[in-house]
Amino acid sequence: MTEVTGTELLRQIAAARVKKVDYARLAKSVGIAPDDLLDFSQARKNLPADTLCRLATEMMQGTRYYPEQDLLGPLEQIEPKPLGIKPEPFVPAPRTWAVGGAQGPGPQPVVPEKHAVKQSRPGWLAGW
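Residues numbered from 1 in each chain as written. Predicted model: local features only at pLDDT ≥ 70, side-chain atom pairs only at ≥ 80, totals over all residues. Heavy atoms only, no water.

Peer 1: If you had to explain the overall build of the protein chain to someone new, which residues and values would you point to?
Peer 2: When you go through the protein chain residue by residue, the secondary structure sums to 4 helices and 2 strands. Mapped in sequence order, the helices and strands of the protein chain form the string α-α-α-α-β-β. Sequence-distant contacts, at least 24 apart, represent 39% of the contacts inside the protein chain between residues at least 6 apart. For the protein chain, the accessible surface area stands at approximately 11200 Å², while carbon and sulfur atoms represent 59% of it. (Helix = DSSP H or I, 4+ residues; strand = E, 2+ residues; numbered from the N terminus. Contact = heavy atoms within 4.5 Å. Areas by Shrake-Rupley, 256 points an atom, 1.4 Å probe, with all protein chains shown as cover.)

Here's what the structure looks like:
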């Protein structure tokens, strides 16, 4: 799998913006010329790191460009905070299980009942 750098990802997003929306407003909010943004989106020009940081923040809310690694990441790195005191792990007490009388005899085999033989009534088609 090929790894995509942060600059390449920003270039792809900028190219999509250039095709669909007025990119002059985006270039003005970032602080560069619209022609520079167009050239960057078409891979004809590279932008400085601080401009790429502003561009990432403007185009992708909540995302930051890290120039040292050339990657994108979350805007804020928040350390996790504990919500309270962690309880002690639950260890159940050992139990002895009684076998036999308390449990009962268990399932028994089923003995089929013998059906009574139908006696026929003398002189009749069916029985009684």
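Now, onward.
Peer 1: Requested: an account of helix H3 (residues 34–41), with residues and values cited.
Peer 2: What H3 keeps buried is the set Leu-37, Leu-38, Phe-40 and Ser-41. In a view along the axis of H3, the buried residues occupy a sector of 160°, so they form one face of it. With its phi angle positive at about 60°, Ala-43 sits one or two positions after the end of H3. (Buried < 20%, exposed > 50% of the residue type's maximum accessible area, 1.4 Å probe, protein only. Arc of directions from axis to C-beta.)

Peer 1: Just give me the short version of the confidence of the model for the protein chain, but keep the residues and values in it.
Peer 2: This prediction gives the protein chain a mean pLDDT of 82; 84% of its residues lie at or above 70. Mean pLDDT across the elements of the protein chain bottoms out in strand S2 (residues 71–74) (86) and peaks in H3 (91). (pLDDT = per-residue confidence, 0-100.)

Peer 1: Tell me about the packing of helix H2 (residues 23–30) against H3, and please be specific about residues and values.
Peer 2: Close contact between H2 and H3 brings their axes to 8 Å; oriented N to C, the two are set at 105°. Taken together, the axes of H2 and H3 are roughly perpendicular relative to one another. Each of Tyr-23, Ala-24, Leu-26 and Ala-27 in H2 lies in contact with H3, whose residues at this interface are Pro-34, Leu-37 and Leu-38. Here the residues of the contact of H2 with H3 sort into 7 nonpolar, no polar and no charged. (Axes fitted to C-alpha atoms, helices over the stretch in contact; angles between N-to-C directions. Parallel < 35°, antiparallel > 145°, perpendicular 65-115°, else oblique. Nonpolar A, V, L, I, M, F, W, Y, C, P; charged D, E, K, R; others polar.)

Peer 1: Any chance you could break down the pattern of salt bridges for me, citing the residues and the numbers?
Peer 2: Within the structure shown, the criterion is met by 4 salt bridges. Salt-bridge contacts for Glu-8 lead to Arg-11; the nearest nitrogen and oxygen are separated by 3.7 Å. Separated by 3 residues within a single helix, Glu-8 and Arg-11 lie in helix H1 (residues 6–20), roughly one turn from each other. You can call Arg-11 buried: its relative accessible area is 10%. A salt bridge links Asp-50 to Arg-54; the nearest nitrogen and oxygen atoms lie 3.6 Å apart. Of this pair, Asp-50 and Arg-54 both sit in helix H4 (residues 49–59), separated by 4 residues, roughly a single helical turn. Of the residues examined, Asp-50 reaches a relative accessible area of 44% and is grouped as partly exposed. (Salt bridge = Lys/Arg side-chain N within 4 Å of Asp/Glu carboxyl O.)

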